[in-house]
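# Results of the structural survey
Each chain, written out:
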Amino acid sequence: MIEYISGKIAQLTPTYVIVDNHGIGYEMNISLTTFTDLENKTEVKILAHEIIREDAHTLFGFSTEAERELFRLLIGVSGVGANTARMILSSVPPSELGFVISTGDDKRLKAVKGVGAKTAQRIIVDLKDKIKPAGDTLFIEQPESTDTYDEALAALIMLGFPKPQSQKVLTRLFKDEPLLKVEQAIKKALTML
């Protein structure tokens, strides 16, 4: 997986940036928030999220870790794809999105193009307990990491399951049964994914 790409901006538009890294141009889809952060810069380090499908390898770029984590949480919600998540982050700045979700403001989410009433409610229900705004800072609850949890997560990712969904299922499993062994956790997670 690509963690970040640093280099010179070869091209910048409101929807994507091309970063020249030693003669190779990487196209990364970005939100308007990241676009605003990158304007007037020539050298950048952009955090990445890579989505690999049979027909495409797509990179999404983020100027902050909070925005990337929100993106990953959003794509973990059933019915929310990468482009919808990017649209949400373009319409509602990451600093406000935590407040919108934690207060259940589905009207603000429904105002985003491509997000209907059911999707807005699903986002709020799925993420309300994972995102807690505190002043200007977002606290995104991460699952407690143990060796067993980490091994099970790595195995599920290697099997092709998305990381956010795998984390969600494993967190639920280990919350109910903290002493699960790796094999048991993987088998139970496979029935839930």
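Before reading on, note that the structure itself is shown above.
Below, the structure is looked at part by part. Since the model is a prediction, treat every value here as computed from it, not as a measurement.

What follows deals with unusual backbone geometry. Of note, His-22 is a non-glycine position whose phi angle comes to about 55°, a positive value. Its place among the elements puts His-22 in the loop between β2 (16-21) and β3 (24-29). A relative accessible area of 79% means that His-22 is categorised as exposed. Unusually for a residue other than glycine, Asn-40 sits at a positive phi of about 65°. Looking at the secondary structure, you find Asn-40 in the loop between α1 (32-38) and β4 (43-52).

A few words now on the layout of surface pockets. Approximately 620 Å³ is the volume found for the second largest pocket. Lining the second largest pocket are 21 residues, with Met-1, His-49, Glu-50, Pro-162 and Lys-163 sitting closest to its centre. Put simply, the parts of the chain that give the lining of the second largest pocket at least two residues each are β4, α2 (65-75) and α8 (163-176). Sort the elements by how many residues they give to the lining of the second largest pocket and β4 lands first, with five residues. Tallied by class, residues from the lining of the second largest pocket come to 12 nonpolar, four polar and five charged.

We now examine the packing of helix α7 (residues 147-158) against α8. The contact between α7 and α8 brings their axes to 10 Å, and the two run at 145°. Seen from above, α7 lies across α8 with right-handed handedness. Between α7 and α8, the residues in contact are Thr-148, Tyr-149, Ala-152, Leu-153, Leu-156 and Ile-157 and Lys-163, Ser-166, Gln-167, Leu-170, Thr-171 and Phe-174, respectively.

A word on the nonpolar core. Counting 27 residues, the largest nonpolar core has Phe-71, Leu-74, Ile-88, Leu-97, Leu-109, Ile-123 and Leu-127 as the members making the most contacts within it. Among the elements of the structure, β4, β5 (57-62), α2, α3 (82-91), α4 (94-102) and α6 (117-127) are those that each provide at least two residues to this core. It is α2 that provides the largest number of residues to this core, a total of five residues. If we ignore the near neighbours within four places in the chain, the residues touching Phe-71 are His-49, Phe-60, Phe-62, Ala-82, Ala-85, Arg-86 and Leu-89.

Turning next to the packing of α7 against helix α9 (residues 182-192). Orientation of α7 relative to α9, taken along the N-to-C sense of each, is 45°, at an axis distance of 9 Å. As summarised for this structure, α7 and α9 are arranged oblique, according to the angle between their axes. Relative to α9, the crossing made by α7 is right-handed. Note on element contacts: α9 touches α7 through Val-182, Ala-185, Ile-186, Ala-189 and Leu-190, opposite Thr-148, Glu-151, Ala-152, Ala-155 and Leu-156. Classifying every residue of the contact of α7 with α9 gives eight nonpolar, one polar and one charged.

Parameters and conventions
Residue numbers here run from 1 along each chain, matching the order of that chain's written sequence. In keeping with the predicted nature of the model, local features appear solely for residues at pLDDT of at least 70, side-chain atom pairs appear and are counted solely at 80 or more, and the whole-chain, interface and lining totals rest on all residues. Side-chain metrics in this entry use all non-hydrogen atoms of the structure; hydrogen atoms and water are not considered. Counting from the N terminus, the helices are the DSSP runs of H or I reaching at least four residues and the strands are the DSSP runs of E reaching at least two. We call a residue buried when its accessible area falls under 20% of the maximum for its residue type, exposed when it is over 50%, and partly exposed in between, using a 1.4 Å probe and counting protein chains only. Think of a 1 Å grid over the protein atoms and nothing else: a 1.4 Å probe that fits but is trapped marks a cavity, an open set flanked by protein within 12 Å on at least five of seven lines marks a pocket, and residues with an atom within 4 Å of a point count as lining. Grid points are joined across faces, edges and corners, and a volume is the space filled by probe spheres set on the points. Here the nonpolar group is Ala, Val, Leu, Ile, Met, Phe, Trp, Tyr, Cys and Pro; Asp, Glu, Lys and Arg are the charged ones; every other residue, Gly included, is treated as polar. Between N-to-C directions, angles span 0 to 180 degrees; the directions come from axes that are lines fitted to C-alpha atoms, helices contributing only their stretch in contact. Left-handed is the label given to a crossing in which the near helix is rotated counterclockwise from the far helix by less than a right angle, and right-handed is the label when the rotation is clockwise. The contact definition used throughout considers only heavy atoms, calling two residues in contact when any of these lie within 4.5 Å. Residues belong to one nonpolar core when they are buried, are Ala, Val, Leu, Ile, Met, Phe, Trp, Tyr or Cys, and are joined through side-chain atoms within 4.5 Å. Just so you know how the angles are binned, under 35 degrees is roughly parallel, over 145 roughly antiparallel, 65 to 115 roughly perpendicular, and the rest oblique.

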